[in-house]
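Spelled out from the first residue to the last, the chains are:
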Amino acid sequence: VTVSVLYWSAMRPALTIATALLVFAAVARAQSPPAPSDHCEQFATCADCVANYLCGWCSTPVIYQGNITGKNCAGYNKNGKDPFQCNGVYSIEECQEGYECDLDNFQCKIAGKGNGKTLQECEANCTNEGQVYLCNHTDLKCHEVPRGTPGSASYSVCEASCAHPSAHPSPPTPHSPAPPAAVYACNGTTGKCELSQPGKGSSLQVCEEQCHKSSNQTLYYCNSIEHKCVVAPKGFPGEDKAECEKMCLPHPNPGPPPMFEGTWRGVQINNGYKVGEFDFFCDQTSVVFVDVQSATTIKGTPYNVQNGESADLWIKVTAGPGAGQTIKVIGQDDGRGPETKFLLAAFSAAGGATPDSITSAMSSSSGDTVYFFSACVGTPECHFTMPNSLLRRRGSRLLDHVRRHHQHHKRGTDSDVQHFADARAEHALGETDPCAAYAANCSYCLAHPFCGWCSSDVTYKDGKKGTQCAGFATSPNATNPFICEGRYSTLACTAGWTCNEQTFQCVQNATPGNGFPQKECEEVCRPTPSPTPQQQQYVCNITTKQCYKCEEKHCPGSMPEGACAAACVKPHKGPSTIVIGMWRGIEIQRGYPLVEIDYVFNQSSLTAYRNGELDFEASVTSFGGDEMIFDVTSGNGAGSKFSAEYTVANQGSGMVEAMTIAMSAADGPIPDSYSGPMQTKGQKELVMTKCQDSPCKFAPPSQP
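Residues numbered from 1 in each chain as written. Predicted model: local features only at pLDDT ≥ 70, side-chain atom pairs only at ≥ 80, totals over all residues. Heavy atoms only, no water.

1. Let's talk about the overall build of the chain
The criterion, for reference: Only DSSP runs of H or I with at least four residues qualify as helices, and only runs of E with at least two residues qualify as strands; both kinds are numbered from the N terminus onward. Note on exposure labels: buried denotes an accessible area under 20% of the residue type's maximum, exposed denotes more than 50%, and partly exposed covers the range between, all computed with a 1.4 Å probe on protein chains only. Any pair of residues with heavy atoms lying within 4.5 Å of one another is described as a contacting pair. Note that accessible areas follow from Shrake-Rupley with a 1.4 Å probe, and for residues the cover is restricted to the protein chains shown.
Scanning the chain from terminus to terminus reveals 14 helices and 42 strands. Expressed as a percentage of the 704 residues in the chain, the buried residues total 39%. A separation threshold of at least 6 residues defines the contact pool for the chain, and within that pool the share at least 24 residues apart is 49%. When the accessible surface of the chain is split by element, carbon and sulfur atoms take 52% of a total near 37,900 Å².

This is the structure we're talking about:
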C-alpha cells in the first residue's frame, strides 16, 4: 500500500500529502476485517444466550478476527462468518456463578450466573490502592483520576452521583425551593383518590390504578410460587376467587428441572409394582421413557413448573401411550453410591394430576407410579445408554461416516481418522454431537460448520467426556450441551502446552490447537507413582479364625493379609443384619443386561431372581461389615463361589435404602474396588434398593 501511494505521488505532483494519506487510510480500511455481525451478541444475559440455538456464553468477552473485542454471547453463523475465540470458560449448557470485586469493601462477591471471573482471578485484582474517581456528566460514567482532583470520591460514591445526577452545573439561586410534588391516597369509602400529606401517598396515576371502593366481598390474589389463590389483605387490589383461579394456574417453562437430566435406569417400586427394568432419558428438549420388559416407549417434550421451593417435570407426550396428554413428575435426590447417583421419581398417569408426594404416589389409586433410578456420576467406567436399536446402529456406522467425510475433505491422516472413529464408536450410543466425528485434528474440526476446537476434551451434560472437537447439532431440536474448560475457538488453531514425561516440564505443543493451557499443564505434569505390586492373597478359615496364604491360582474370597486379619476376627455364616431382606435393582457394568435383578437374603442364604424367574440359590458367609462370599448350591453357576464387596447408602433414613455390590467372577477373589468389576470381563456390579419404611413393600416373586 505504501509503495502505491509514493508512486502515485511522484507521477502526479499535484496530489497533496493529505490526499495521499486519505488514500492510504481508505485502502487500509478496505483491507481490514469487517466488523463482526454475530447473531448471538443480541442476548445480554447468560440465560437468554444459552437458551438460543447456536449460541454459547463466554465468561469473558470474546475476541473476533482482527483482534476485535465482542460480547460474552457468541456462537455460529450458518454462513460460517465471524469466528471467535473465548479465553474464559465457554458453555452452551448452564450459567455458572462467577465473582466480581465489591468496590465498597474490596471483597469478592458472587456476580450472578454467567457473570464475573473465577474466585482466584477476582481476588488477584480486587485491591484498594487508593484509587479515586470522578463522574463524567456527559457519558454518566466514573473515570479514575489523580488523588486530590476536586470532586473526586470512592467508586461507590461516584457511581451513585453518576446514576442519579443533580442538574449540572447548578448555579446558586436566591429563590425558595420548589414545593413538593402532590401525592394521593385512596378513599376506600368513595373509591376515589384524594390529596394526602407528603410522604403518605403516591402519584395520582398509581393511586387510581389500585384504588377500589370498599365492599364486603372477599378479594384474592395469586401466590405465584404455590399457584394458589389467597385472601388479599384489606386495601390491597384483588379479584373474586373464580377469576383469580382462572389466572393462577402453573405456567410450564421450556426445559426440565436440572435434577431429571441425564440417562437413568431403574425399577418400579410403588405398591403393585411391575417387574422389569425401566429406562428414562431427559435433556433440554426431549424425554424418552422405556418399559424394557414390554418394549413400550413414550417420547415427549420436557417442561419445568415451579412448585413451592422445588420444580416439577411436565412431559408433553408426543409419541407412544398417552400421546397428546401431559405426564407430571416429582422427584427427590436420594444420595449416591461409588458409581451412580440415585433418584426417586413419582409419575402421574397421562393427563393426571401432579402427585402430592412420593409417599402418597406409592399407594395411589389414580395411576401414579414410582421409580428408583440410578445414573452414572461421571466415572470413566460407568456409561448408560438408552435401549434403542437405531441408536445402537450409530456406533457401527460411525466409522464409515467419518471415512466418507475424510475422502471428501482430504483433511487429517488415515490413522488420525481411524483412531478417533474407533474412540467415538464405543461411545456413540445416545450422543448427538456431529462434531465429534471431526476430532482428528484442529484444522479438520474447524473446517466443518458449527464446530469448534477445545484445548482439552469437552464434558457433556451427562458428565461424560467427549473429544476436543465439539459444537452444535445441525437441528435446533437436537442437543449436545457441553462445557469446554480449556480454550475454545472457532477462529484459529493456536498452540497449547503438553507435559514432557521425561523431564516433567510443560512445553508448547507443536500441533496447533492441541495441548492444555499452561497453568493446567503444570498442575498435572508430575511423575506418576510407581505401580503398586501385586499383593499376596490370604483366605480366612472361619472355623479357626486364622488367615492362610493362597497358594492356588484362584482362591475364592481371598484378600490381602491385613484385610483378611481384620475380617477374620468376626466371620460368620449368613449375611450381615443390614443386608437381610429383599433387594431389587439392575446390573451396571459395561455390557449390562436389560433386566431386573432381585436378591432375597435370609439369616443364612441368598435367593436370586432374574426378571421374576429363579436364577440361583447360595449360602452366604460374611466378613466384617462389607464383604461376603456366595457358595452357589443350585441354579446357574451351581458349585461355584462368588466374592462380593458392598456398601449401603441411606441406612436408617428415608423410605428406601440403596446398595452397590461389586462381584467377582466365578471362584475369584473379593474385589478391592468398585471400578474394577465395572470393566473386567466375568465380573459385575449391581445397584439395588430395599424398603425400610412404609408404604414401601417388596415381595419375592411367586414360583410354580
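Okay, back to it.
2. Here we look at empty space enclosed by the protein
This is how it is decided: Cavities and pockets are defined on a 1 Å grid built over the protein atoms alone: a cavity is a set of grid points where a 1.4 Å probe fits but cannot escape, while a pocket is an open set with protein on both sides within 12 Å along at least five of seven lines, and lining residues are those with an atom within 4 Å of any such point. Grid points are joined across faces, edges and corners, and a volume is the space filled by probe spheres set on the points. Residues are grouped as follows: Ala, Val, Leu, Ile, Met, Phe, Trp, Tyr, Cys and Pro are nonpolar; Asp, Glu, Lys and Arg are charged; every other residue, Gly included, is polar.
What the rule picks out here adds up to two cavities of 30 Å³ or more. The calculated volume of the largest cavity comes to roughly 50 Å³. Along its surface, the largest cavity is lined by Gln-85, Cys-442, Trp-453, Arg-487, Ser-489, Ala-492, Cys-493, Thr-494 and Gly-513. Size it by volume and the second largest cavity reaches roughly 30 Å³. If you trace the second largest cavity, you find it lined by Arg-265, Gly-266, Val-267, Phe-372, Phe-373, Ser-374, Gly-585, Ile-586 and Val-687. Secondary-structure elements contributing two or more residues to the lining of the second largest cavity are β16 (262–268), β23 (369–376) and β35 (581–587). Looking at the lining of the second largest cavity, its residues break down into five nonpolar, three polar and one charged.

3. Overview of the side chain of Thr-379
Counted only if it meets this: We call two N or O atoms a polar contact when they sit within 3.5 Å, provided that within protein one can donate a hydrogen and the other can accept it, with sequence-adjacent residues counted only if both atoms are side-chain atoms.
Counting through the fold element by element, Thr-379 comes out in the loop between β23 and α9 (389–409). Here the side chain of Thr-379 touches Glu-339 through a polar contact of 2.5 Å, side chain to side chain.

4. Section: the side chain of Gln-537
Here Gln-537 is to be found in strand β31 (residues 537–541). For Gln-537, a relative accessible area of 18% puts it in the buried group. Other than its neighbours up to four places away in sequence, Gln-537 contacts Lys-549, Cys-550, Ser-558, Met-559, Pro-560 and Pro-669.

5. Comments concerning the pattern of salt bridges
The line we're drawing: A pairing counts as a salt bridge when a side-chain nitrogen of Lys or Arg comes within 4 Å of a carboxyl oxygen of Asp or Glu.
Across all of its chains, the model carries six salt bridges by this definition. In this structure, Asp-291 and Lys-274 form a salt bridge, with 2.6 Å as the shortest nitrogen-oxygen distance. Taken as a pair, Asp-291 in strand β18 (residues 287–291) and Lys-274 in the loop between β16 and β17 (277–282) lie far apart in primary sequence, 17 residues in all. Using a relative accessible area of 9% as the deciding quantity, one classes Asp-291 as buried. Exposure remark for Lys-274: the relative accessible area of 34% places this residue in the partly exposed category. As a salt-bridge pair, Arg-584 and Glu-596 come within 2.9 Å of each other at their nearest N and O atoms. Here Glu-596 lies in the loop between β35 and β36 (597–601) and Arg-584 lies in strand β35, a separation of 12 residues in the sequence. For the pair Arg-584 and Glu-596, a shared accessibility class is recorded, and that class is buried. Ionic contacts of the salt-bridge type, sharing partners, join the residues Glu-587, Arg-610 and Lys-684 into one network.

6. Some remarks on the confidence of the model for the chain
Short version of the rule: Residue-level confidence of the predictor is summarised by pLDDT, bounded by 0 at the bottom and 100 at the top.
Summing up the model confidence of the chain, the mean pLDDT is 77 and the portion of residues at 70 or higher is 73%. Considering only residues more than four positions removed or in separate chains, one finds that residues 1–32, a stretch of pLDDT under 50, has nine contacts. Note that residues 389–430 has pLDDT below 50 and, in this model, 61 contacts with residues that lie over four places away or in other chains.

7. So, the sheet that holds strand β5 (residues 84–86)
Operational definition: A pair of strands is labelled paired if DSSP reports no fewer than 2 bridges between them.
Reading across the sheet, the six strands line up as β3-β2-β5-β28-β24-β26 and stay open at both edges, with antiparallel pairing between neighbours. The open sheet is flanked by β3 (68–69) and β26 (469–471), the only strands paired with a single partner. Examined bridge by bridge, strand β2 (residues 63–64) and β3 share two bridges and lie antiparallel to one another. The residue bridging Ile-63 from the neighbouring strand is Thr-69, located in β3.

8. Considerations on the packing of aromatic side chains
Test applied: Only Phe, Tyr and Trp rings are paired, with Trp represented by its six-membered ring, and only when their centres lie within 6.5 Å; those with planes under 30 degrees apart are stacked, over 60 edge-to-face, the remainder tilted. Whether a charge lies above a ring is judged from NZ of Lys or CZ of Arg, which has to be within 6 Å of the ring centre and within 35 degrees of the ring normal.
Taken as a whole and judged by the stated rule, the model has 20 aromatic pairs. Each ring, one from Phe-347 and one from Tyr-371, has its centre 5.3 Å from the other, and the planes form 80 degrees; the classification is edge-to-face. Separated by 24 residues along the polypeptide, Phe-347 in strand β22 (residues 340–347) and Tyr-371 in strand β23 bring together distant segments of the chain. By the ring-pair criterion, three or more aromatic residues cluster together here, those being Phe-278, Phe-280, Phe-289, Phe-347, Tyr-371 and Phe-373. Directly above the aromatic system of Tyr-592 lies the positively charged group of Arg-265, at a separation of 3.6 Å from the ring centroid.

9. Describing the sheet that holds strand β27 (residues 482–484)
The strand order across the open sheet built from five strands is β4-β1-β6-β27-β25, with neighbouring strands paired in antiparallel fashion. Sheet topology places β4 (73–75) and β25 (459–460) at the edges, where each strand pairs with a single neighbour. Both β25 and β27 contribute to a ladder of two bridges, which runs antiparallel. Bridging across to β27, Thr-459 finds its partner in Ile-483.

10. Here we look at the environment of Cys-691
Its place among the elements puts Cys-691 in strand β42 (residues 684–691). Placed 107 residues apart in sequence, Cys-691 and Arg-584 show a C-alpha to C-alpha distance of 9.5 Å. Once residues lying within four places of it in the same chain are set aside, the contact partners of Cys-691 are Met-655, Val-656, Cys-696, Lys-697 and Phe-698.

11. Topic: the pairing of strand β30 (residues 505–508)
The pairing of strand β29 (residues 497–500) with β30 spans four bridges and is classified as antiparallel. Following the sheet pairing, Asn-500 is matched in β30 by Gln-505. As consecutive antiparallel partners, β29 and β30 are separated by four residues, and within that stretch Phe-504 has a phi angle of approximately 55 degrees, a positive value.

12. Here's the deal with unusual backbone geometry
The peptide bond linking Ser-694 to Pro-695 adopts the cis configuration, its omega dihedral lying at 5 degrees. Assignment of secondary structure puts Pro-695 in the segment after β42. The backbone of Asp-667 sits at a positive phi, close to 65 degrees, despite the residue not being glycine. Looking at where Asp-667 falls in the secondary structure, it is placed in the loop between β41 (656–663) and α14 (676–679).

13. Quick notes on the environment of Arg-610
Along the chain, Arg-610 falls in strand β37 (residues 605–610). On the basis of relative accessible area, Arg-610 is assigned to the partly exposed category, the value being 33%. On a C-alpha basis, the gap between Arg-610 and Ile-597 in space is 4.9 Å, while along the polypeptide they are 13 residues apart. Residues contacting Arg-610, with those up to four places away along its chain left out, are Glu-587, Pro-593, Val-595, Glu-596, Ile-597 and Asp-615.

14. Let's talk about the environment of Gly-581
The topology assignment puts Gly-581 in strand β35. The spatial distance from the C-alpha of Gly-581 to the C-alpha of Gln-603 is 9.2 Å, given a sequence separation of 22 residues. Apart from residues no more than four positions distant in its own chain, Gly-581 is found in contact with Tyr-599, Val-600, Phe-601 and Lys-690.

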